[in-house]
Amino acid sequence: MDDEMERDGWFVRAAGAVGDLSNPFYREERRRDVWNEASAVGFQLMLGLGLAAAAAMVWIGGPPARPYMMVMIGVVGVPSLVCMVYAERLGVRATEGMRMPRWRMVPYLVLVVVMVAGMAVRGTDEEFSASTLWGAVTGAGIVLGLIAWMNFRARRRESAP
């Protein structure tokens, strides 16, 4: 799809306004490249610290901290989703071209496990019920299914001529 056509979409225009992408700062190539790298470093740090803060909230605050933990997940998750959608609208897929080493996901997975364990141990006043367990299993199944589907689509795109 033509990049110029996609740039006319409301989502890309809105994201460009939020990111101030028409600023003269972005005209010089080296400055733009360095800023993009710095943004990637900051983005990864935000993801890690946001997940760590959410996990800490539930472990430290217990049940009253659940709403704040969920807000923190949203604060980390929504920008991540917007970033991926923006890139895809401009024809760049995060899963395209090269595989990310699996070890890079370990810190994030550890934080998610610590957060889920905190929800199970400290996040509720009640005992762990069967319906809660089934909900967790169903949610994990949906997430794993979506990951498998995204990997399948990425492999199919890479093998297409």
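Remember, it's a predicted structure, so these values are computed and weren't measured experimentally.

Student: Kindly report on a nonpolar patch on the surface, identifying the contributing residues and their values.
Tutor: Judged by side-chain polarity, Trp59, Ile60, Trp103, Val106, Val110, Val114 and Val121 come together as a nonpolar surface patch covering roughly 720 Å² of accessible area. Within the residue set of the nonpolar patch, elements represented by two or more residues are α3 (29-61) and α5 (106-121). Within the fold, valine 121 resides in helix α5. Residue class for valine 121 comes out exposed when judged on its relative accessible area of 56%.

Student: Please provide a residue-by-residue account of the packing of helix α2 (residues 10-18) against helix α4 (residues 66-89), values included.
Tutor: Where α2 meets α4, the axes come as close as 10 Å, and the angle between the chain directions of the two elements is 120°. As far as their axial angle goes, α4 and α2 are oblique. The chirality of how α2 crosses α4 is left-handed. Residues Phe11, Val12 and Ala15 of α2 touch α4, and the partners they reach there are Val82, Val85, Tyr86 and Arg89.

Student: Describe the side chain of serine 80, and please don't skip the residues or the numbers.
Tutor: When you line up the elements, serine 80 lands in helix α4. Once you skip the residues sitting within four places of it in the chain, serine 80 turns out to touch Phe43 and Leu47.

Student: Go over the environment of valine 82, please, and point to the residues and values.
Tutor: Along the chain, valine 82 falls in helix α4. Distance in space between the C-alpha atoms of valine 82 and alanine 15 is 8.5 Å, their sequence separation being 67 residues.

Student: Outline the environment of tyrosine 68, supporting the account with residue identities and numerical values.
Tutor: Structurally, tyrosine 68 can be placed in helix α4. Judged by its relative accessible area of 58%, tyrosine 68 is exposed. Sequence-wise, tyrosine 68 and alanine 53 are 15 residues apart; in three dimensions their C-alpha atoms are separated by 9.9 Å.

Student: I'd love a proper account of α5, names of residues and values included.
Tutor: In an α-helix there are 3.6 residues to a turn, and that puts residues three or four apart on one side. In this model α5 runs 22 Å from its N-terminal to its C-terminal C-alpha over 16 residues, within 8% of the 22 Å that 1.5 Å per residue would give. Inspection of α5 places Tyr108, Leu111, Met115 and Gly118 among the buried residues, and these make up the whole buried set. Projected down its long axis, α5 shows its buried positions confined to an angular sector of 85°, all on one face. In α5, the exposed positions angled more than 90 degrees off the buried face are occupied by Val113, Val116 and Val121. On its buried face, α5 sits against α3 and α4.

The rules behind each value
- Residues numbered from 1 in each chain as written.
- Predicted model: local features only at pLDDT ≥ 70, side-chain atom pairs only at ≥ 80, totals over all residues.
- Heavy atoms only, no water.
- Patch = residues over 30% accessible without salt bridge, like charges linked within 9 Å, V, L, I, M, F, W, Y side chains within 5 Å.
- Areas by Shrake-Rupley, 256 points an atom, 1.4 Å probe, with all protein chains shown as cover.
- Salt bridge = Lys/Arg side-chain N within 4 Å of Asp/Glu carboxyl O.
- Helix = DSSP H or I, 4+ residues; strand = E, 2+ residues; numbered from the N terminus.
- Buried < 20%, exposed > 50% of the residue type's maximum accessible area, 1.4 Å probe, protein only.
- Axes fitted to C-alpha atoms, helices over the stretch in contact; angles between N-to-C directions.
- Parallel < 35°, antiparallel > 145°, perpendicular 65-115°, else oblique.
- Left-handed = near helix turned anticlockwise from the far one by under 90°.
- Contact = heavy atoms within 4.5 Å.
- Expected span 1.5 Å × (residues − 1).
- Arc of directions from axis to C-beta.

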